[in-house]
Amino acid sequence: MPNTLIAGKRAQDWANLVLAVCLFLSPWVIGFAAEPVPTWNAWIAGIVLGALAIAALSAFAEWEEWVNMVIGLWLIVSPWLLGFMANMNAMWTHVILGVLVAALSAWAVWDYRHPQSHA
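Residues numbered from 1 in each chain as written. Predicted model: local features only at pLDDT ≥ 70, side-chain atom pairs only at ≥ 80, totals over all residues. Heavy atoms only, no water.

**Let's talk about the overall build of the protein**
Within the protein one finds four helices and zero strands. Helices (α) and strands (β) of the protein occur, in sequence order from the N terminus, as α-α-α-α. Out of the 119 residues in the protein, the part that is buried amounts to 45%. Counted over contacts in the protein with a minimum sequence separation of 6, partners at least 24 positions apart contribute 62%. Surface exposure of the protein reaches about 6,300 Å², of which carbon and sulfur atoms provide 77%. (Helix = DSSP H or I, 4+ residues; strand = E, 2+ residues; numbered from the N terminus. Buried < 20%, exposed > 50% of the residue type's maximum accessible area, 1.4 Å probe, protein only. Contact = heavy atoms within 4.5 Å. Areas by Shrake-Rupley, 256 points an atom, 1.4 Å probe, with all protein chains shown as cover.)

**Concerning a nonpolar patch on the surface**
A contiguous nonpolar patch, built from Val21, Phe24, Leu25, Trp28, Val29, Ile30 and Ile47 and spanning about 660 Å² of accessible area, is present on the exposed surface. Among the elements that line the nonpolar patch, the one with the most residues is helix α1 (residues 2-31), at six residues. Along the chain, Val29 falls in helix α1. (Patch = residues over 30% accessible without salt bridge, like charges linked within 9 Å, V, L, I, M, F, W, Y side chains within 5 Å. Salt bridge = Lys/Arg side-chain N within 4 Å of Asp/Glu carboxyl O.)

**Thoughts on the UniProt feature "transmembrane region" (unreviewed entry) in the protein**
In the UniProt entry, the feature "transmembrane region" (unreviewed entry) is given for residues 14-34, 40-59, 66-85 and 91-110. Here residues 14-34 is 86% helix and 0% strand, with 29 Å between the C-alpha atoms at its ends. Secondary structure within residues 40-59 divides into 95% helix and 0% strand; the distance between the first and last C-alpha atoms comes to 28 Å. (UniProt positions renumbered as here; feature names shortened; annotations may be inferred.)

**So, helix α3 (residues 62-81)**
Between its first and last C-alpha, α3 extends 28 Å over 20 residues, near the 28 Å set by a 1.5 Å rise per residue. Of the residues making up α3, those classed as buried are Glu62, Glu64, Glu65, Asn68, Met69, Ile71, Gly72, Leu75, Ser78 and Pro79. Just past α3, the residue Gly83 takes up positive phi, approximately 80 degrees. (Expected span 1.5 Å × (residues − 1).)

**Here we look at the nonpolar core**
Leu19, Ala20, Leu23, Ala42, Ala45, Leu49, Leu52, Ile71, Leu75, Leu97, Val101 and Leu104 together form the largest nonpolar core, which totals 12 residues. At the level of secondary structure, the elements contributing two or more residues to this core comprise α1, α2 (36-58), α3 and α4 (88-113). Of the residues forming this core, the biggest block, four residues, is contributed by α2. Among all residues touching Ile71, those that are not within four sequence positions of it are Ala45, Val48, Leu49 and Leu52. (Core = buried A, V, L, I, M, F, W, Y, C linked by side-chain atoms within 4.5 Å.)

**Considerations on the packing of aromatic side chains**
Taken as a whole, this structure holds four aromatic pairs when the rule is applied. With a centroid separation of 6.1 Å and an interplanar angle of 35 degrees, the aromatic rings of Phe24 and Trp43 are classed as tilted. Of this pair, Phe24 sits in helix α1 while Trp43 is found in helix α2, placing the two residues 19 residues apart along the sequence. According to the relative accessible area criterion, Phe24 is partly exposed, its value standing at 30%. Relative to Trp43, the ring of Trp28 has its centre 5.4 Å away and its plane inclined at 35 degrees; by these criteria the two rings are tilted. Of the two residues, Trp28 is situated in helix α1 and Trp43 in helix α2; the sequence distance between them amounts to 15 residues. Accessibility expressed as a relative area gives 18% for Trp43, which makes it buried. Three or more aromatic residues link up through ring pairs in this structure, and these residues are Phe24, Trp28, Trp40 and Trp43. (Phe/Tyr/Trp six-rings, centres within 6.5 Å; stacked < 30°, edge-to-face > 60°.)

Here it is as structure tokens:
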């Protein structure tokens, strides 16, 4: 059973790493690199998410998942707080990736706090 739990957490951390890379590359791929605010937001959040995912892959800590959840929630609200909601490409990229990051983080915290759910 412990191997299953570790494998599940590792899958969530790998998924967060993939989302971090997608977020970092999104200004070029999605086409909003000309706008500095959403671009820098994506780069900074992507770097922090990537660093946390790598740290979690080496040694899981619950606080990393909580920080990931905060970053995910930030990504969801940042288009309105930073004023780039008019750029649909940047706005939806941030919202969708934010929802995915927050959901993965919530799942990881749930798994950590309820290990019997894998039995």
